[in-house]
Amino acid sequence: MPLKNTQIVSAAQTKFGSLDMSLREMFAEAVDKATVEAGVPKSEIQAAFVGTFIPEMLVHQGHTAPLLLDYAGLRGLPATRHEAACASGATALRAGIMAIESGFYDTVLVAGAEKMTSVTTNEATEALAAAADDQFESSVGLTFPGVFAIAAVAHMQKYGTTEEDMARVSVKAHKNASTNPLAQFQKEITLEKAMTPRYVAWPLKLFDCSPISDGAAALVLTSTEKAKQYTDDSVSVIGTGQASASMNLADRRELTSFEASVVASKNAYKMAGLSADDMDFAVVHDCFTIAEIIASEDIGFFEPGKGAEAVKEGVTALDGDRPINPMGGLKAVGHPVGATGVKQASVVYKEIIGAAGPNQIAKHDTGIMHNFGGTGASCVVNIFRRSDA
Ligand code: COA
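Parameters and conventions
- Residues numbered from 1 in each chain as written.
- Predicted model: local features only at pLDDT ≥ 70, side-chain atom pairs only at ≥ 80, totals over all residues.
- Heavy atoms only, no water.
- Helix = DSSP H or I, 4+ residues; strand = E, 2+ residues; numbered from the N terminus.
- Rg over C-alpha atoms; globule rule 2.2 N^0.38 Å.
- Contact = heavy atoms within 4.5 Å.
- Areas by Shrake-Rupley, 256 points an atom, 1.4 Å probe, with all protein chains shown as cover.
- Lys, Arg positive; Asp, Glu negative; His and termini not counted.
- Charge placed at Lys NZ, Arg CZ, Asp CG, Glu CD.
- Pairing = 2+ DSSP bridges.
- Axes fitted to C-alpha atoms, helices over the stretch in contact; angles between N-to-C directions.
- Salt bridge = Lys/Arg side-chain N within 4 Å of Asp/Glu carboxyl O.
- Buried < 20%, exposed > 50% of the residue type's maximum accessible area, 1.4 Å probe, protein only.

Novice: Give me the overall build of the protein chain: which residues, what numbers.
Specialist: Summing up its helical and strand segments, the protein chain has 14 helices and 11 strands in all. For a compact globule of 389 residues, the expected C-alpha radius of gyration is about 21 Å, and the protein chain comes in at 19 Å, within 12% of that figure. Structurally, the protein chain occupies a C-alpha span of about 55 × 45 × 40 Å along its principal axes. When contacts within the protein chain are restricted to residue pairs at least 6 apart in sequence, those whose partners lie at least 24 apart make up 77%. Working note: accessible area of the protein chain is about 14600 Å², and carbon and sulfur atoms make up 52% of it. Across the protein chain, the 32 positively charged side chains and the 45 negatively charged ones have centroids separated by 2 Å.

Right, dumping it as structure tokens:
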């Protein structure tokens, strides 16, 4: 049965990039934009669900939920942190969805943040590696570019995907982000530039990787009844799915598909009573270009092995039949890990209500977001629809 009671009434993000702001300052900015500036008084918020991944390692700060809430002017509310590596933001969102859908609360804040440029790239890489299996993987040198390089090689061997195919995902991401003022990279790149052989982990090059970023995002969820108080333009959450998988890649049956993505999306479609064909667009977790290709197959937009061809033919472009990551994705907008899942929901919200400016896609009633964590051991998929659709 589709969910009936949960609406997004506002959503916002800070600019992503290397910001001269602390974790709490970014969080407070995103919260202010999603509450007071959007016409939702802070006094109406009843609880908060917060996504942060590794602030202990990046800014030496744990117990982030009460700290961030306090700084954002929401002292005293129930505040809980959710951690699922790069899917932390979407697990916070799912908890908020369950809190509203059950009727426990009627107005909640969901927010995520990460401050990553406080450390060097090497230190960030080591911190991010905590999302892999330490006993069998990270302690012997496997980093995230390495994990996705393994997936890329498997995809190349099984389906004939090429480095150029992956580079096209990057060109599309940078093109879409060039008109997104909140993106870390706002410049288009050519295919030749994306193919510059600066290898990070073969076959992945600089332009196949999402960057190290700072940023925060926030949104307000309300019950359907309450939404009318704030806006005529709310977006319904109609399906949600979450799944987990083995952390250790060696325990996977398949490296060209992420099982948690397949299961989470099937469950979300089932709950919404819809299929991939009913989706107008998708926002997927493109931490590396190969991850977007695989995600587009895992959520059922394309047959296994056909994702790269769809990019080549322009199907996933802003003006294509099935746009993917219309604002620029993690690749070009940035990937402050704890904020990403909330930011993805904010992108879907803006596209659905028709507020995406130059990045507005033509057919935008129903959208899906896919946020996964670590080596794909956690995945959350949510489906949203225009409330009056
Ligand atoms: N895409 C495009 N350009 C990038 C970039 C990226 N991902 N990362 C950095 N750059 C640019 C910088 O803007 C800078 O440009 P400039 O010289 O014009 O100012 C230049 O490349 C060098 O930047 P620098 O920060 O020194 O790069 P780096 O070598 O330290 O880091 C990566 C590059 C790819 C290694 C780093 O961004 C990375 O580790 N990304 C993956 C993050 C990750 O694993 N996230 C979790 C996913 S699950």
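Novice: Pulling in residues and values, what's your account of the sheet that holds strand β2 (residues 47-51)?
Specialist: Reading across from one edge, β3-β2-β4-β7-β1-β8-β11-β10-β9 is the order of the nine strands in this open sheet, with mixed pairing throughout. Unpaired on one side and paired on the other, β3 (79-82) and β9 (281-283) mark the two borders of the sheet. Each adjacent strand pair in this sheet contributes to an overall mean axis angle of 25 degrees, direction not counted. Strand direction decides the pairing type here: strand β8 (residues 235-244) and strand β11 (residues 378-386), joined by nine bridges, are antiparallel.

Novice: Before we move on, can you summarise the pattern of salt bridges with the specific residues and values?
Specialist: Counted according to the given criterion, the structure contains 17 salt bridges. Measuring nitrogen to oxygen at the nearest pair gives 2.6 Å for the salt bridge that ties D32 to K42. Of the two residues, D32 is situated in helix α1 (residues 23-34) and K42 in the loop between α1 and β2; the sequence distance between them amounts to 10 residues. A residue is classified by how much of its surface remains accessible, and D32, at 26% relative accessible area, is partly exposed. For K205, the salt bridge identified is with E163, shortest N-O distance 2.6 Å. Of the two residues, K205 sits in strand β6 (residues 204-205) while E163 sits in helix α7 (residues 163-177), which places them 42 residues apart along the sequence. Each of E163, K205 and D208 takes part in a single network of salt bridges with overlapping partners.

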